[in-house]
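Remarks on the overall topology
So you can see what is in the structure, the chains are spelled out below.
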Amino acid sequence: EPRTDIYALGATLYEMLTGRRPFPGTTWQELIRQVLLDDLVPPTRHVPSVPAGIETIVMRAMEKEKKRRYATMEAVHGDLRRWIDAQSRA
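Below or above, wherever it landed, is the structure these notes cover. (Residues numbered from 1 in each chain as written. Predicted model: local features only at pLDDT ≥ 70, side-chain atom pairs only at ≥ 80, totals over all residues. Heavy atoms only, no water.)

Moving on, we come to a nonpolar patch on the surface. Taken together, the side chains of Trp28, Ile32, Leu36 and Leu37 make up a nonpolar region of the molecular surface, amounting to roughly 530 Å² of accessible area. Locating Ile32 in the fold gives a position in helix H2 (residues 28-37). With a relative accessible area of 47%, Ile32 lands in the partly exposed category. (Patch = residues over 30% accessible without salt bridge, like charges linked within 9 Å, V, L, I, M, F, W, Y side chains within 5 Å. Areas by Shrake-Rupley, 256 points an atom, 1.4 Å probe, with all protein chains shown as cover. Salt bridge = Lys/Arg side-chain N within 4 Å of Asp/Glu carboxyl O. Helix = DSSP H or I, 4+ residues; strand = E, 2+ residues; numbered from the N terminus. Buried < 20%, exposed > 50% of the residue type's maximum accessible area, 1.4 Å probe, protein only.)

The next subject is helix H4 (residues 52-61). Counting along an α-helix, one turn takes 3.6 residues, and residues three or four places apart therefore face a common direction. Of all the positions in H4, only Ile54, Glu55, Ile57, Val58 and Ala61 are classed as buried. Buried positions in H4, seen along its axis, are confined to an arc of 160 degrees and lie on one side of it. Exposed side of H4, more than 90 degrees from the buried face: Ala52 and Thr56 are the residues found there. Of the surrounding elements, those touching the buried residues of H4 are helix H1 (2-18), helix H3 (43-46) and helix H5 (73-89). (Arc of directions from axis to C-beta. Contact = heavy atoms within 4.5 Å.)

One pass over the structure, following the stated rule, counts six salt bridges. Notably, a salt bridge pairs Glu63 with Arg68, separated by 3.8 Å at the nearest N-O pair. The partly exposed category is assigned to Glu63, whose relative accessible area is 21%. Within the structure, one salt-bridge network assembled from shared partners comprises Arg60, Asp79 and Arg82.

Here the focus is the side chain of Arg69. On the secondary structure map, Arg69 appears in the loop between H4 and H5. Not counting residues within four places of it along the chain, the set of residues in contact with Arg69 comprises Arg3, Thr4, Ile6, Tyr7, Arg60, Ala61, Met62, Glu63 and Lys64.

This paragraph deals with the environment of Tyr70. In this fold, Tyr70 is placed in the loop between H4 and H5. Measuring from C-alpha to C-alpha, the distance between Tyr70 and Arg3 comes to 6.8 Å, with 67 residues separating the pair along the chain. Setting aside anything within four residues of it in sequence, one finds Tyr70 in contact with Arg3, Ile6, Ile57, Arg60, Ala61, Ala75, Val76 and Asp79. In terms of polar contacts, Tyr70 uses its side chain to reach the side chain of Asp79, at 2.7 Å. (Polar contact = N/O pair within 3.5 Å; in protein donor to acceptor, adjacent residues only side chain to side chain.)

For Gly25, the position within the fold is in the loop between H1 and H2. The buried category is assigned to Gly25, whose relative accessible area is 3%.

The next point concerns the packing of aromatic side chains. This model, assessed by the stated rule, comprises zero aromatic pairs. The ring centre of Tyr70 lies 4.1 Å from the NZ or CZ of Arg60, which sits over that ring. (Phe/Tyr/Trp six-rings, centres within 6.5 Å; stacked < 30°, edge-to-face > 60°. Lys NZ or Arg CZ within 6 Å of the ring centre and 35° of its normal.)

See the structure below:
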């Protein structure tokens with residue numbers, strides 16, 4: 001399922017940006033409960049300097065509702081490319 005891979009990419013980006021796991025569960029049961037029930041803390045709450053555009057991409061990649069998450073890696077790539085292009089023009 002591509003959307004599961006997209007979620008995993010979002011979680012990896014989250015940890016790279018913040019130095020923290022998206023959900024700090026210490027057991028599998030706790031982690032799964034947090035993923036299913038808890039709201040994701042936006043990266044800027046941990047690291048205020050995370051760019052808003054990147055935060056938006058990470059948050060969308062990690063949406064709990066699959067239909068609200070990116071449908072394809074190409075869509076993630078497109079948003080990342082547009083953000084990078086905008087930064088290079090700024």
